[in-house]
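# A look at the structure
Below are the chains, spelled out letter by letter.
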Amino acid sequence: MKNKLYILLLAVTVTLTSCGLSKDNKDSRKSLDGTWQLTNIDYQNNPGYYKSVLFNDVSAKCFEGSEWFFRSNNSTGYYNIQAPGECAPGQRNIRWSIQDDANGNPTKFQFKFIDEKKNDISGGYGYVFQINSLSPQQMVISADAPVGSENVTVVYEFTKTASLR
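Residues numbered from 1 in each chain as written. Predicted model: local features only at pLDDT ≥ 70, side-chain atom pairs only at ≥ 80, totals over all residues. Heavy atoms only, no water.

Time to look at the side chain of Ser75. Within the secondary structure, Ser75 is located in the loop between β4 (67–71) and β5 (76–81). In contact with Ser75, not counting residues within four places along its chain, are Arg29, Ile94, Arg95 and Trp96. (Helix = DSSP H or I, 4+ residues; strand = E, 2+ residues; numbered from the N terminus. Contact = heavy atoms within 4.5 Å.)

Next comes the structure, spelled out in C-alpha cells:
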C-alpha cells in the first residue's frame, strides 16, 4: 500500500513539474511586461517594395509607431493603432505566449485575438514569430510570409517605453 501511494505521489509530482515553464521562458515573459512601441518593420530575403496588410488588420505603415502592451501574469495584452484615417485606429486585444524549443530555450512568440472578456475570437488561428532577440528594452521578432512562389521574412523591431510597476 505504501509503495502504491509513493508511486502515485511521484507520478503527480513529475506531472506537475513537467508542465511548468522553463526559467528562461519565465524570464522572457517578465521582460515583456509593459508597453512597447513597434519602431520598424523590415522585409528580408526577397528584394523589392512591399505593400502589405499585417495580421488581417491594416497596412504595415499603420503599424509603425503602434503601441503594444504585454502582461505576463495572465498572458494578455493589446496593440493600439494610433495613426488616423485608413489605418482604423484603436485597440486590438490579444493573448500571447512564448514557446520553448526542445532544450527549454524560448524561441517563438505567438499571439491570438481575444475580446474584452478575454475570449478567443480568432477561431484558434494565431500568429507565430521567431524570437531573434529579446531584452528588457528591445525585442526583434520575425516571420516568413509567402510572396508569389518565394518567401519574404518580415522583421518587427520593438522598443520598450514603460515597464509594469
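This paragraph deals with the pattern of salt bridges. Tallied over the entire structure, the rule returns 2 salt bridges. Ionic pairing is found between Arg92 and Asp57, a salt bridge with its closest N-O pair at 2.8 Å. Of the two residues, Arg92 sits in strand β6 (residues 90–100) while Asp57 sits in the loop between β2 (53–54) and β3 (58–59), which places them 35 residues apart along the sequence. Across the salt bridge formed by Lys61 and Glu86, the nearest N and O atoms sit 3.4 Å from each other. Linking Lys61 in helix α3 (residues 60–63) with Glu86 in the loop between β5 and β6, this pair joins segments that are 25 residues apart in sequence. You can call Glu86 exposed: its relative accessible area is 64%. (Salt bridge = Lys/Arg side-chain N within 4 Å of Asp/Glu carboxyl O. Buried < 20%, exposed > 50% of the residue type's maximum accessible area, 1.4 Å probe, protein only.)

Turning our eyes to something else, we now look at the state of the cysteines. Scanning all chains against the criterion turns up 1 disulfide. The disulfide partner of Cys62 is Cys87, and the S-S distance across this bridge is 2.0 Å. Measuring handedness by torsion sign, the sulfur bridge of Cys62 and Cys87 sits at about -75 degrees and is left-handed. A residue pair is termed long-range when its members are at least 10 positions apart, and Cys62 in helix α3 and Cys87 in the loop between β5 and β6 qualify at 25 residues. By the burial criterion, Cys62 is buried, and Cys87 matches it. (Disulfide = S-S within 2.5 Å.)

A few words now on the layout of surface pockets. For the largest pocket, the calculated volume is near 360 Å³. Along its surface, the largest pocket is lined by 20 residues, and Val53, Leu54, Asp144, Ala145 and Tyr156 are the ones closest to its centre. Elements with a minimum of two residues in the lining of the largest pocket: β2, β8 (127–134), β9 (138–147) and β10 (150–162). Split by residue class, the lining of the largest pocket holds 16 nonpolar, 3 polar and 1 charged. Roughly 160 Å³ of internal volume is contained in the second largest pocket. Every residue lining the second largest pocket is listed: Ile41, Tyr43, Tyr49, Tyr50, Lys51, Ser52, Ser59, Ala60, Lys61, Glu64 and Glu86. When contributions to the lining of the second largest pocket are tallied by element, the ones reaching two or more residues are β1 (34–44) and α3. Of the residues in the lining of the second largest pocket, the class split is 5 nonpolar, 2 polar and 4 charged. (1 Å grid on protein atoms, 1.4 Å probe; cavity = no way out; pocket = protein on both sides within 12 Å on 5 of 7 lines; lining within 4 Å. Points joined across faces, edges and corners; volume = space filled by probe spheres on them. Nonpolar A, V, L, I, M, F, W, Y, C, P; charged D, E, K, R; others polar.)

The next thing to look at is the confidence of the model for the chain. Confidence in the prediction of the chain, expressed as mean pLDDT, is 84, and 83% of residues score 70 or more. Mean pLDDT across the elements of the chain bottoms out in helix α1 (residues 2–18) (46) and peaks in β5 (97). Note that residues 4–19 has pLDDT below 50 and, in this model, 0 contacts with residues that lie over four places away or in other chains. (pLDDT = per-residue confidence, 0-100.)

Tracing the backbone through its elements, the reader meets Ser52 in the loop between β1 and β2. Excluding its chain neighbours within four sequence positions, the residues that come into contact with Ser52 are Tyr43, Val58, Ser59 and Ala60. One polar contact links Ser52 to Tyr43, side chain to side chain, over a distance of 2.5 Å. (Polar contact = N/O pair within 3.5 Å; in protein donor to acceptor, adjacent residues only side chain to side chain.)

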